[in-house]
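Coordinate inspection notes
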Amino acid sequence: MTSPARPSPRILPAQPLRAAILMVGIVALLWLIELADRTVFVALDPPQGLDDDGIVPRSLEGLGGILWAPMLHGGFEHLASNTVPLLVFGFLVLAGGLGQFIAVTAVIWIVSGVGTWLIGSPGSTIGASGIIFGWFAFLLVRGFFARSAAQIVVAVVLFLIYGGLLLGVFPSNPGISWQAHLCGAIGGVLAARMTVAADRRRTGPSDTPAVP
């Protein structure tokens, strides 16, 4: 007998409306945090507010920033530049389900944060860019790990639209943490490898030969 074929990996969430609402809610929360920072926290701790509470490389007090740096931004313009990629990439990552989304994001969050703490430039690093680069890298490589033609097509389309983002993993603007981008992308590749391996363990081999 033959084992059942492994289900084809999804390229869109099973419940797209719920996925879209979730991503809008996450991004709205980031805007509320930034609004509170620009109004309340800047008044309490001028002139930076929460901006100094990000990842401070190789500093014990900067370790805590690993947990909340992706939720802080250096102004509304900074957050606005991250909003569309967060919505698009996050929605597509939700194709694997909420559990996988949380796991992928957690891996990227930790790898990006710890990596930035280890190799980042002096100062406080904040922003969701590490998550964005991690999600982007995850979406680019998961299809190759999963050997999914549909996911590879999605990766090609995303690369054609957003491929310029990858330049952000190289040193350029001194005010932009290329280290967070690079470490986030590494986290995305690791997350893709881990999730594909987990899917294969869960579903079992799909090419078991027939037994007479």
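Check the entry above for the structure.
All values derive from a computational prediction rather than experimental measurement.

**Concerning the packing of aromatic side chains**
In total, this model carries four aromatic pairs according to the counting rule given. Between tryptophan 31 and phenylalanine 76 the ring centres are 5.8 Å apart and the planes differ by 10 degrees, which places this aromatic pair in the stacked class. Taken together, the positions of tryptophan 31 in helix α1 (residues 16–44) and phenylalanine 76 in helix α3 (residues 76–93) put the pair 45 residues apart, joining distant regions of the chain. Exposure remark for phenylalanine 76: the relative accessible area of 34% places this residue in the partly exposed category. On the basis of an interplanar angle of 10 degrees and a centroid distance of 5.0 Å, the ring pair of phenylalanine 89 and phenylalanine 136 is categorised as stacked. Of this pair, phenylalanine 89 sits in helix α3 while phenylalanine 136 sits in helix α5 (residues 129–146), and the two are 47 residues apart along the sequence. Ring pairs connect the aromatic residues Phe89, Phe136 and Tyr162, which therefore count as one cluster. A cation over an aromatic ring shows up here: arginine 193 above the ring of phenylalanine 145, its NZ or CZ 5.5 Å from the ring centre.

**Some points on the pattern of salt bridges**
All chains considered together, the criterion is met by four salt bridges. Between arginine 38 and aspartate 37 there is a salt bridge, and its shortest N-O distance comes to 2.8 Å. With a shortest N-O distance of 2.4 Å, aspartate 199 and arginine 202 are connected by a salt bridge. Note that aspartate 199 and arginine 202 are positioned in helix α7 (residues 178–203) at a spacing of three residues, about one turn of the helix. Looking at aspartate 199, the relative accessible area reads 25%, which means it is partly exposed.

**Brief notes about the nonpolar core**
Counting 28 residues, the largest nonpolar core has Phe89, Trp135 and Leu158 as the members making the most contacts within it. Secondary structure elements with two or more residues in this core: α1, α3, α4 (98–119), α5, α6 (149–162) and α7. Sorting elements by how many residues they give to this core places α5 first, with seven residues. Residue contacts for leucine 158: discarding those within four places in its chain leaves Phe89, Leu92, Phe136, Leu139, Leu140 and Gly163.

**Digging into the side chain of histidine 181**
Topologically, histidine 181 is positioned in helix α7. Its relative accessible area of 8% is what places histidine 181 among the buried residues. Apart from residues lying up to four places away in sequence, histidine 181 is in contact with Ser129, Phe133, Gly168, Val169 and Ile176.

Parameters at a glance
Each chain has its residues counted from 1, following the order in which its sequence is written. Owing to the predicted nature of the model, reporting of local features is limited to residues with pLDDT of at least 70; listing and counting of side-chain atom pairs is limited to 80 or more, with chain, interface and lining totals taken over all residues. Derived side-chain values reflect all non-hydrogen atoms in the structure, with water molecules and hydrogen atoms excluded from consideration. Two aromatic rings, drawn from Phe, Tyr or Trp (for Trp, its six-membered ring), form a pair once their centres lie within 6.5 Å of each other, and the interplanar angle then sorts them: stacked below 30 degrees, edge-to-face above 60, tilted otherwise. A run of H or I in DSSP becomes a helix once it reaches four residues, and a run of E becomes a strand once it reaches two; helices and strands are each numbered from the N terminus. Throughout, exposure labels follow a simple rule: accessible area from a 1.4 Å probe, protein chains only, divided by the maximum for the residue type, with under 20% read as buried, over 50% as exposed, and the rest as partly exposed. A ring has a charge above it when a Lys NZ or an Arg CZ is no more than 6 Å from the ring centre and no more than 35 degrees off the ring normal. Salt bridges are identified by distance alone: a Lys or Arg side-chain nitrogen within 4 Å of an Asp or Glu carboxyl oxygen. For this analysis, a nonpolar core means a set of buried residues of the types Ala, Val, Leu, Ile, Met, Phe, Trp, Tyr and Cys, connected via side-chain atoms within 4.5 Å. In what follows, a contact means two residues having at least one pair of non-hydrogen atoms within 4.5 Å.

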